[in-house]
Every structure is written in C-alpha cells, then in structure tokens.
Amino acid sequence: MEASCVRVLILVACLFPVLVESTVRHYKFNVVMRNTTRLCSTKPIVTVNGRFPGPTLYAREDDTVLVKVVNHVKYNVSIHWHGVRQLRTGWADGPAYITQCPIQPGQSYVYNFTITGQRGTLLWHAHILWLRATVHGAIVILPKRGVPYPFPKPNKEVVVILAEWWKSDTEAVINEALKSGLAPNVSDAHTINGQPGLVSSNCSSPQGEFKLNVENGKSYMLRIINAALNEELFFKIAGHKLTVVEVDATYVKPFKTDTIVIAPGQTTNVILTADQSSGKYMVAASPFMDAPIAVDNNTATATVHYAGTLASSATTFATHAPPKNATPVANNFIDSLRSLNSKKYPAKVPLTVDRSLFFTVGLGINPCPTCKAGNGSRVVASINNVTFVMPTTALLQAHFFKTKGVFTTDFPGNPPSAFNYTGTPPANLQTSNGTKVYRLPYNATVQLVLQDTGIISPENHPLHLHGFNFFAVGKGVGNYNPKKDPKKFNLVDPVERNTISVPSGGWVAIRFLADNPGVWFMHCHLEVHTTWGLKMAFLVDNGKNPNESLLPPPKDLPKC
Ligand code: C2O
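Keep in mind that this is a model prediction, so the values were computed, not measured. (Residues numbered from 1 in each chain as written. Predicted model: local features only at pLDDT ≥ 70, side-chain atom pairs only at ≥ 80, totals over all residues. Heavy atoms only, no water.)

**Here we look at the state of the cysteines**
Going through the model one piece at a time under the given rule, you end up with 2 disulfides. Each sulfur of the disulfide joining Cys 101 and Cys 560 lies 2.0 Å from the other. An S-S torsion of about -100° defines the bridge between Cys 101 and Cys 560 as left-handed. Of this pair, Cys 101 sits in the loop between β5 (79-82) and β6 (108-114) while Cys 560 sits in the segment after β33 (535-540), and the two are 459 residues apart along the sequence. (Disulfide = S-S within 2.5 Å. Helix = DSSP H or I, 4+ residues; strand = E, 2+ residues; numbered from the N terminus.)

Printed below as a string of structure tokens:
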C-alpha cells in the first residue's frame, strides 16, 4: 500500500475511533509438560507455553479474542475463560463435556469469543480433571480506549495469582481419593505468583519468593486471582491497607480493608498505596476454613520491597495471617462489597422474579463396594440431592443437534424433600445420580437461593455460574426463610459477580437475567466438590429474534 494511502487510513481511524476500536487478538496456547521444582522436589507438570502460572491474556472491552490451544500432552484438555460472558458463544466457554468435547492429544481448537460489557480481571484455567492446578493464568480486560477507571489511575498494575502446590502429581492425588472413597490429600503449600515463600518445609534450601518492588508515593493496582483448587484464602500485606475497587470484573464502591478473602475462581482488584518510606513488608496468603475440614495450613509469603531499602540489612515487617476459622474477618470483607452502581455502571438487578429456585448444596454418602478405605461407601456431593454424572458427549452439542439420551431436563427447582438443612442431618444420606439440566426461557429473571447443608459437615461452598454475572442480593446463617429473608434483600447496589461463597451452615440468594442462550455449567469451585458431583447445568432457550440465538458451532469443534 502506498504511504499516502496509509496516512489517509490513519486519519480516518483518528476521526472515527469507534470504527477501529475493537481489535482481534490472537494467542497461541501450547499445552506442554515441563519439570518444575518447588519445596525441593521436582515433578513434571502440565503448563501453557511452559509457564507456571501461565501467560496473561490481555484484551480490551469489545475485542475479539482468538486463542489457538494445541494439546501436546497425554491428557485430554479444555480451557475455560472464567467469567467471560460468552454471549451466544457457548462453544468457546470450555468446560469439558458441558460445552465441548475435550481437545484430544495431538489436536487443537480455536476459542473464539468477544468481550462485551466487561472490564477488569478474570482468569483462564483448564476445565477437565485436576489440570487447573497448574494450567491457569490471568485475563486482564482493559476498558475501551479512552475510557478511564472510575478511580484514580494507579501508577502500575501487577497480576497476583494465588494457588496451591502438591509435591506429588495432582492427577494421582484425586485418583487415589476416588479409589478409596475418602477426601484427597490437602496441598503441601500455597503459592503467590508460583512461589511459596517462607513456607516451613523439610527442605533446607531457600524457597523462591515473589517480590513486588515499590516506590514511596506511588500506587499499585494488584489484580488478585485465586486459582487454588480447593481452598479459600485470606490475603494481606503488613503495614498497608488495601482499597478494593473491583471484583470478578465488575466495579465496586471503593473501601479500605487490611484483609481480603478470595475463593477459588474469584478475582479482586485492590489499590496498594506505597505510603511507607522504606523497608520490606510481608505479604501473606493463608487458608480460610470455618468448618472441621482439613486444609493446608501453610501460609504463602511474598515481599513488598521499597526502593532504596538495602536488601541485606532491612528486616521484614511481618504480618499475622488470620486464624483459618476467622469467619468475622471473612464476613467483614464480603459484607463491604457493593456494586459501584453509578450512572455509567448501573447495577441492573432484576426487580421481579420469573423463576424462584431453591438449591441445597452439600455432601452425601453413596455405596461403593470397591471402596475399601471408605468401608464400602464413598463421599459424594450434590445439588438438590442430585449428584451430577458427566456425560460422554458435550451437553451443548446434544442440545444444538437435538441428540436424544444425553441429558434430561428434570433438574428439580427445589430439594426433593425438605429437612432441617443446617441442623441434624437426615438418616439417609444417599444421593441420586443423573445428568439433569434446569431449563429456562430466554430472558427469564431468576432468583436462586443456595442453601448449605450440614450433611457430613457444614462447609463454605464457592459456587460459580458460567455464562452470566449475578447479583448477590441476600445472605444469612441457618436455614433460609422464604417469608422473612426476602424483606432484607439489597435490590439497589448488591455486588455483581460470577462466583460466590455459600457460607458454612448458611445461604446466599442471587438474581440473574437469563439473556444468554446455551448450556451453562454451575458448580462448586472447590475442585474436590466438583469431582464429587456438586454441579449442574442450566439450559437457556433461544429467544425469538435472530440475535437472541446460540450461534452455530465452529468447524474445528473437538469430537468426543
Ligand atoms: Cu472457573 Cu467451571 O470454572
């Protein structure tokens, strides 16, 4: 092309920025094995492009993202873009056997989606087996060009990924557990950007630690992601308050806190103002568990290091992680979250309800003649007493091509029998098995109350809904009361997110608009509970208009 012509094009682009606003971004994810050493032991792990944590995917609101995933490992693979709404593009969502058949060894698949109406931090992760342990990374969605953040622009932005590390192979960990019928081993360390820091271990050589270099007077936006498999985490920094500005890629009313709590699958953006003059300050990530369930008690550490501080001489200002059962610390954070609800970013809470659903979430015990360690039974998990059975062909394909016999649409909108959910468990703890979906008409407004049960033990369950953001309108301890509790719902500025903790021995109420046709997974984001069956799917019908229908599948959609 001639130079003058190029100049004209640039001129046009400047005059009509909307025309060139959205960009197509190409990424290539090679799924490969790589030896990695942590806690003085080396093991091969599955990675994207040989990196742990994986590469950050950058995009702007309105961009189209094409990620070619090539599977070079022995496992089947699929990648989920956690929190990306995938409007009409369920084929690119990623959960194996829900929206696609997995990418088999030697095969590839191009995930093709457009980011609409979202900006902030999300994460991508493997959505099959326990590969998420090492196959995960950040998604950074910048606002449209020229659109500022609704808070002062930080001087710098930093991705902070929290995760768990096992010395042994994570696939072996879950396979052994499934054979025994009992819970899998907890992890051996937590990590901050891949490093455990000052973890106590039987290992004498120093552990790697993530270091954040800061300068006095500057501000840093930390894009914090919990990519751990099974644990909710507290996160804090010695001597500093954090200003929370966004969760799950939605802006919140800014508030200051010294501790955040973050469940697997959740993301939290905070502003750290470097208001100390010098020194080294400890960053701590430690488990939150307010039920009698085993967790990895190790605290991962990192360091905030002020410029001008001598590395050798300075002592580190320590911080104490909250005790693991610090429910009030967690509640203090969760109850402070409110949608920004500004003119530019209104909270579009459904004010009327077309479908009112009540789902119990929790554990159960089913017979397992081969489970020796479990005395002939196994721990399972369920929603409304249904333990979800994974199909062998993807639900979305079965739906689109009208294949019979893959799933049924009789997922119950209420528990099959009422009991004192958070009191003494019923005598029979057995669940039923099924591949059931709950069908919703296009654009239905849905209220869903998620009720924890005390079966085996009450426990906090971070539930993630694919394909939608929802508003967290209410939360409480004990059993949900359908007469009294709705009166206390926040329908003005509830936080909007994609993953929410059902409190231990309590409930949460969420509302969403079913404006995305397709099949959408909902599950506990504690991987052990997903494995045990704490999962189901919504099937949202097409709308009447052409732009309200699920698009046809791409040509390279993997086959089962
Ligand atoms: Cu982040 Cu279905 O998962």
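**A few points about the side chain of Thr 121**
Structurally, Thr 121 is set in strand β7 (residues 120-126). In terms of polar contacts, Thr 121 uses its side chain to reach the side chain of Asn 269, at 2.7 Å. Once residues lying within four places of it in the same chain are set aside, the contact partners of Thr 121 are Ile 139, Arg 223, Ile 225, Glu 246, Asp 248, Ala 249, Thr 267 and Asn 269. (Polar contact = N/O pair within 3.5 Å; in protein donor to acceptor, adjacent residues only side chain to side chain. Contact = heavy atoms within 4.5 Å.)

**Things to note about the sheet that holds β6**
Spatially, the 4 strands line up as an open sheet ordered β2-β1-β4-β6, and their pairing is mixed. Looking at which strands have only one partner, the edges of the open sheet turn out to be β2 (41-48) and β6. Pairwise comparison of adjacent strand axes, ignoring direction, gives a mean angle of 20° for this sheet. (Pairing = 2+ DSSP bridges. Axes fitted to C-alpha atoms, helices over the stretch in contact; angles between N-to-C directions.)

**Observations concerning the domain arrangement of the chain**
Domain annotation for the chain reports domain 1 (6-142), domain 2 (156-336) and domain 3 (355-548). For domain 1 versus domain 2, the distance between C-alpha centres works out to 24 Å. Every contact between the two is made by 28 residues of domain 1 and, on the other side, 44 residues of domain 2. Viewed at the interface, domain 2 and domain 1 are joined by 11 residue pairs in polar contact (both at pLDDT 80 or more). Of all the secondary structure elements, the ones that give two or more residues to the side of domain 1 that touches domain 2 are β1 (24-38), β2, β7 and β8 (136-142). Of the residues forming the side of domain 1 that touches domain 2, the biggest block, 5 residues, is contributed by β8. Residues of the side of domain 1 that touches domain 2, tallied by class, amount to 15 nonpolar, 9 polar and 4 charged. (Domains from an automatic or database assignment. Nonpolar A, V, L, I, M, F, W, Y, C, P; charged D, E, K, R; others polar.)

**Focus on the sheet that holds β33**
Pairing in this open sheet of 5 strands is mixed, and the strands run β25-β33-β32-β27-β30 from one edge to the other. Each edge of the sheet is formed by a strand with only one pairing partner; in this case those strands are β25 (437-440) and β30 (499-502). Here the average twist between neighbouring strands, direction ignored, is 20°. The sheet contact formed by strand β27 (residues 461-465) and strand β32 (residues 518-524) spans 3 bridges and is antiparallel. Bridge pairing in β32 links Leu 465 to Met 522.

**Digging into the nonpolar core**
With 82 residues, the main nonpolar core has Leu 222, Phe 235, Phe 359, Leu 450, Met 522 and Phe 538 as its most contacted residues. The residues that make up this core include at least three from each of domain 2 (156-336) and domain 3 (355-548). Dropping the residues within four chain positions of it, Met 522 is found in contact with Phe 359, Ile 383, Leu 448, Leu 450, Leu 463, His 464, Leu 465, Leu 534, Lys 535, Met 536, Ala 537 and Phe 538. (Core = buried A, V, L, I, M, F, W, Y, C linked by side-chain atoms within 4.5 Å. Buried < 20%, exposed > 50% of the residue type's maximum accessible area, 1.4 Å probe, protein only.)

**A closer look at the environment of Thr 23**
Within the element layout of this structure, Thr 23 appears in the loop between α2 (17-21) and β1. Note on Thr 23: relative accessible area 33%, which makes it partly exposed. Separated by 60 residues in sequence, Thr 23 and Gly 83 have C-alpha atoms that sit 20 Å apart. With sequence-adjacent residues up to four places away left out, Thr 23 is seen in contact with Asp 63 and Thr 64.

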